[in-house]
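Here is how the chains run, residue by residue.
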Amino acid sequence: MIRIILPFIILVSGLWAWNLAAGPDAGTPWGVYKQSLLLSGWLAIALMSLAMMLALRPAWLERPLGGLDKIYHTHKWAGILAVVFAAAHWLIEMGDDVIESVFGEAGEHEPHYSGFIDTMRDAAEDIGEFAIYLLFAMLLITLWRRFPYKYWRYLHRVMPALYLLLAFHAAWLAPLQWWQQPIGVLMAILLLGGSIASGLSLAGRVGRHRQVRGTITAINTPAPDVTEVTCHLGQAWRGHRAGQFAFVTFDTLEGAHPFTIASADRGDGRVTFLIKSLGDFTRNLSQKIRAGQTVTVEGPYGCFNFDRRKRHSHQIWIAGGIGVTPFLAWLEGIGTNAVAAPEADLHYCTRNADQDPIVERLREHCRDFPGIHLQIHDSSKGEVLSAEKLAAGVPSSAAAEVWFCGPAGLARAIRQGLRSAPFRLSRFHKEAFQFR
Ligand SMILES: Cc1cc2nc3c(=O)[nH]c(=O)nc-3n(C[C@H](O)[C@H](O)[C@H](O)COP(=O)(O)OP(=O)(O)OC[C@H]3O[C@@H](n4cnc5c(N)ncnc54)[C@H](O)[C@@H]3O)c2cc1C
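> Just checking my understanding: could you explain the sheet that holds strand E1 (residues 211–223) for this structure?
Strands pair in a sheet through their backbones, by hydrogen bonds, and they do so in one of two ways: parallel or antiparallel. The strand order across the open sheet built from six strands is E4-E3-E6-E1-E2-E5, with neighbouring strands paired in antiparallel fashion. At either margin of the open sheet sits one strand with a lone partner, and together these are strand E4 (257–260) and strand E5 (270–276). Averaged over neighbouring strand pairs, the angle between their axes works out to 40 degrees when direction is ignored. Relative to strand E2 (residues 226–232), E1 runs antiparallel, the two sharing six bridges.

> Explain the site of the ligand here, please?
Neighbouring the ligand are 25 residues, the closest being Thr260, Leu278, Gly279, Phe281 and Thr282. Elements represented by at least two residues in the shell around the ligand include exactly helix H7 (149–156), E4 and E5. Its residues placed into classes, the shell around the ligand shows 12 nonpolar, seven polar and six charged. Composition of the shell around the ligand by domain shows at least three residues from each of domain 1 (2–202) and domain 2 (208–301).

> I tried to follow the sheet that holds strand E10 (residues 399–405) on my own but got confused; where do I start?
If you trace the five strands from one edge of the open sheet to the other, you get E9-E8-E7-E10-E11, paired in parallel fashion. With one partner strand each, in any of the chains shown, strand E9 (372–378) and strand E11 (424–431) form the two edges of the open sheet. The average undirected angle you get between the axes of adjacent strands in this sheet is 15 degrees. Where E10 lies against E11, seven bridges are found, and the strand directions are parallel. Bridging from a neighbouring strand, tryptophan 403 pairs with histidine 429 of E11. Each of strand E8 (344–350) and E9 is contacted by helix H12 (residues 357–367), which is oriented at about 165 degrees to E9, the strand it contacts most.

> Looking at this structure, how should I read the domain arrangement of the chain?
Buried accessible area, meaning the area lost when the parts come together, often serves as the stated size of an interface. Parsing the chain into structural domains produces domain 1 (2–202), domain 2 (208–301) and domain 3 (314–431). Computed over C-alpha atoms, the centres of domain 1 and domain 3 are 43 Å apart.

> Would you take a moment to explain the environment of valine 394 for this structure?
Along the chain, valine 394 turns up in the loop between helix H13 (387–392) and E10. Looking at valine 394, the number of C-beta atoms within 10 Å reads 20, which means it is buried. It is 9.9 Å that separates the C-alpha atoms of valine 394 and arginine 424, two residues lying 30 residues apart in sequence. Contact partners of valine 394, with chain neighbours within four places excluded, come to His314, Ala400 and Phe423.

What counts, and where the lines are drawn
- Per chain, residues are indexed from 1 in the order of the written sequence.
- At least 70 in pLDDT is required for a residue's local features to be given in this predicted model, at least 80 for side-chain atom pairs to be given and counted, and no such filter applies to totals for whole chains, interfaces and linings, which use all residues.
- Pairing between strands is defined by DSSP: at least two bridges between the two strands are required.
- Strands are runs of DSSP state E lasting at least 2 residues, helices are runs of H or I lasting at least 4, and numbering of each runs from the N terminus.
- Note on geometry: axes are lines fitted to C-alpha atoms, helical ones only across the stretch in contact, with angles between N-to-C directions running from 0 to 180 degrees.
- Proximity of a residue to a molecule or strand is defined by its backbone-placed C-beta atom lying within 6 Å of that partner.
- Nonpolar residues are Ala, Val, Leu, Ile, Met, Phe, Trp, Tyr, Cys and Pro. Charged residues are Asp, Glu, Lys and Arg, and all others, Gly as well, are polar.
- Residue ranges for the domains trace back to a domain assignment, done automatically or taken from a database.
- Note that contacts rest on C-beta atoms placed from the backbone: two residues are in contact if these are within 7 Å.
- Neighbour counting defines burial: a residue surrounded by 20 or more other C-beta atoms within 10 Å of its own C-beta is buried, one with 12 or fewer is exposed, and intermediate counts give partly exposed, using backbone-placed C-beta atoms.

Next comes the structure, spelled out in structure tokens:
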């Protein structure tokens, strides 16, 4: 996330600073006030434009950024920072009376417009203020984790419309001279990109070209809280790599949910999902869907691909609960020769190994691959995975790469513990199963 957002902020601020040097009132109190107002507003709309473009699920950015989940993470933080800068912009705007009472009106060079331009600038100011209040409300709801995701998703769909209002505000209130300078060129690109992205979002076109309609062919419940759904997507499905996920729509009103494809690609358009009851919709899922019904699958997305940064680095795979799905797809892929068998330590954390059908599946898969060392950590028997246990299997001279899929809290604890590990950690790739 920081790899994208920090250089972006530096570029945006740099162009503002370049333009500043040419400004006539730089250095006066009103000049500082005006430039702070411009910089905060410029950063806010630039970051919001970035967030809008990232919301298009650009598959070509997956490789450089490390997968769609990372793109969404960047989208989220670009959005949060945009609201922070928008708040600063609003506070500065509200502070003009203070500046006036301290320094007087002298030096306040307000450009004067008339006619159509004046009317539009007034409208842009009013619209900007209205949109900013809605934006604050949206941020509060987003950060309030207890607000139900399914309602938040619908509310979040207002964002493209809100963006268009703010783009209008920014385009009309940016200083006219900006448009003849590099800052104006970047602003035009960002506003255009953000507006096109908003239009596509409002029209429901995001990800449409990656959607395939198919049929549910089988539904199993290997455990009371897990539903296994197999879908036939036919030739329209262009295949997937082990570890990738897709957005699955079983019910149009409910909308799409992301699930990892738990099966290897056999080239026959068949995909399987292992879905744990983790909330409203996934609870009792087997009773909400039926074999033969249509399903829409959008994807595949993601880069959970075990690519090594260093050729001889030790591979540590960690699966927490239902986070085992990308590993299952990978193991199945090895079985069908879709992928090469690597050397790896595979740690699976489960609440109760005796009642967990995944344990037997993993054992079965790993039986034929002596290079994969499976370890089960059963919390009902007090077996908790720790950084020390991971380190035990790795020679101290080796570099190790960790591929983690599971609860975010477990990832944090392990990553922290690995800071004092005797080996060099050259990569920690995490898939956390949450976007918000
Ligand atoms: C990349 C990725 C891969 C995943 N793979 C699997 C998998 O293989 N098996 C599995 O059981 N679960 C998987 N999940 C989690 C799964 O998407 C959620 O458990 C499911 O969407 C919950 O829906 P719900 O309505 O039952 O829960 P809710 O109570 O509505 O939400 C619970 C949490 O699930 C997430 N969530 C809910 N709806 C969506 C949505 N439409 N889009 C994104 N996130 C949502 C939110 O974080 C929310 O806080 C994956 C998630 C991601 C991001």
